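Chain by chain, the residues:
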Amino acid sequence: MKAKFLVPLFLFLLLVGFLGFGLSLNPREVPSPLIDKPAPDFTLARLDNPEQTLALADMKGQVWLLNVWASWCVACRQEHPVLVALAKRKEVPLVGLNYKEVRGDGGIDMRKVAAENELPMAIERARDWLQSHGDPYDVSILDINGRVGIDFGVYGVPETFLIDKQGVIRHKHIGPITPDALRDTILPKVAALKAES
């Protein structure tokens, strides 16, 4: 008779244990299956000159950051001053991946936007935003349909990837970069990767 009551009690305590463990985890430290794997290949139009492209191969031999952003992203505004300050220090190249500039904005009805108007609209919106908030990027590239972001495993903006000289992803930061995250995690990893031969 006692065993009949102990089984549900044991299951309940086990469930509470799992819940307690889950609540102790940092939601910003979501493991990425791409860590220590080659970055997905891409070739995308540049924001400053859409006739030119930037490819992953163009960044080989450098330790660099890929920051996923959009003008409609509220959290991107939060991290932007940190990125502007980082850019002034010139410690690491910073590439901006402008992600779904038009399609990601919930205020735009994509059924009313002609396909040929999406790229010019995205360019105008992204350039205006960087002009008013400051442009920390060495170069920004346009991921209009979000396919490159999907390849990188992006599920929200902002996200930032640290990529080494061989094109391997070494760190993924989810959410806005804070001064503490930059100082305590990202820049020490950048320095260590630069020191590697």
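Please read all numbers here as calculations on a predicted model, not as lab measurements.

Observations regarding the sheet that holds strand S3 (residues 64-69)
Move 1: Across the sheet, which stays open at both edges, the five strands sit in the order S5-S4-S3-S6-S7 with mixed pairing between neighbours. Only two strands of the sheet have a single partner each, and these edge strands are strand S5 (139-143) and strand S7 (169-174). Put simply, the sheet's adjacent strands are angled 20 degrees from each other on average, direction ignored.
Move 2: As paired elements, strand S4 (residues 94-99) and S5 share five bridges and run parallel to each other.

Here's the deal with the packing of aromatic side chains
Move 1: Applying the stated criterion to the full structure yields four aromatic pairs.
Move 2: Both rings, one in Trp69 and one in Tyr137, keep their centres 5.7 Å apart while their planes meet at 15 degrees; by these two values the pair is stacked. Of this pair, Trp69 sits in strand S3 while Tyr137 sits in the loop between helix H3 (115-133) and S5, and the two are 68 residues apart along the sequence.
Move 3: Here Tyr137 falls in the buried class, since its relative accessible area comes to 8%.
Move 4: What links up through ring pairs into an aromatic cluster is the set Phe42, Phe152 and Phe161.

Re H3
Move 1: Taking 1.5 Å as the rise per residue, H3 with 19 residues should run 27 Å; its terminal C-alpha atoms sit 28 Å apart, in good agreement.
Move 2: Buried within H3 we find Glu118, Ala122, Ile123, Ala126, Trp129 and Leu130. All buried residues of H3 fall inside an arc of 140 degrees around its axis, so they share one side. Of the exposed residues in H3, those oriented more than 90 degrees away from the buried face are Glu116, Glu124, Gln131 and Ser132.

Description of the packing of helix H2 (residues 74-89) against helix H5 (residues 179-195)
Move 1: One way to put it is that H2 packs onto H5 with a least axis distance of 10 Å and a crossing angle of 50 degrees. Taken as axis vectors, H2 and H5 run oblique relative to one another. In the crossing of H2 with H5, the sense of the turn from one axis to the other is right-handed. Between H2, through Val82, Leu86 and Arg89, and H5, the contact on the second element is made entirely by Pro179, Leu182 and Leu187.
Move 2: In the contact of H2 with H5, the residues fall into five nonpolar, no polar and one charged.

Describing the side chain of His173
Move 1: Within the secondary structure layout, His173 lies in strand S7.
Move 2: Here His173 falls in the buried class, since its relative accessible area comes to 12%.
Move 3: A polar side-chain atom of His173 sits 3.1 Å from the main-chain carbonyl oxygen of Pro176.
Move 4: Residues in contact with His173, not counting those within four places in the same chain, are Glu159, Thr160, Ala181 and Ile186.

So, the environment of Trp129
Move 1: With respect to the secondary-structure elements, Trp129 resides in helix H3.
Move 2: Note on Trp129: relative accessible area 5%, which makes it buried.
Move 3: Each C-alpha atom of the pair Trp129 and Ser71 lies 6.0 Å from the other, and the pair is 58 residues apart in sequence.
Move 4: Among residues more than four places away in sequence, those in contact with Trp129 are Trp69, Ser71, Cys76, Arg77 and His80.

Conventions adopted
Residues numbered from 1 in each chain as written. Predicted model: local features only at pLDDT ≥ 70, side-chain atom pairs only at ≥ 80, totals over all residues. Heavy atoms only, no water. Pairing = 2+ DSSP bridges. Helix = DSSP H or I, 4+ residues; strand = E, 2+ residues; numbered from the N terminus. Axes fitted to C-alpha atoms, helices over the stretch in contact; angles between N-to-C directions. Phe/Tyr/Trp six-rings, centres within 6.5 Å; stacked < 30°, edge-to-face > 60°. Buried < 20%, exposed > 50% of the residue type's maximum accessible area, 1.4 Å probe, protein only. Expected span 1.5 Å × (residues − 1). Arc of directions from axis to C-beta. Parallel < 35°, antiparallel > 145°, perpendicular 65-115°, else oblique. Left-handed = near helix turned anticlockwise from the far one by under 90°. Contact = heavy atoms within 4.5 Å. Nonpolar A, V, L, I, M, F, W, Y, C, P; charged D, E, K, R; others polar. Polar contact = N/O pair within 3.5 Å; in protein donor to acceptor, adjacent residues only side chain to side chain.

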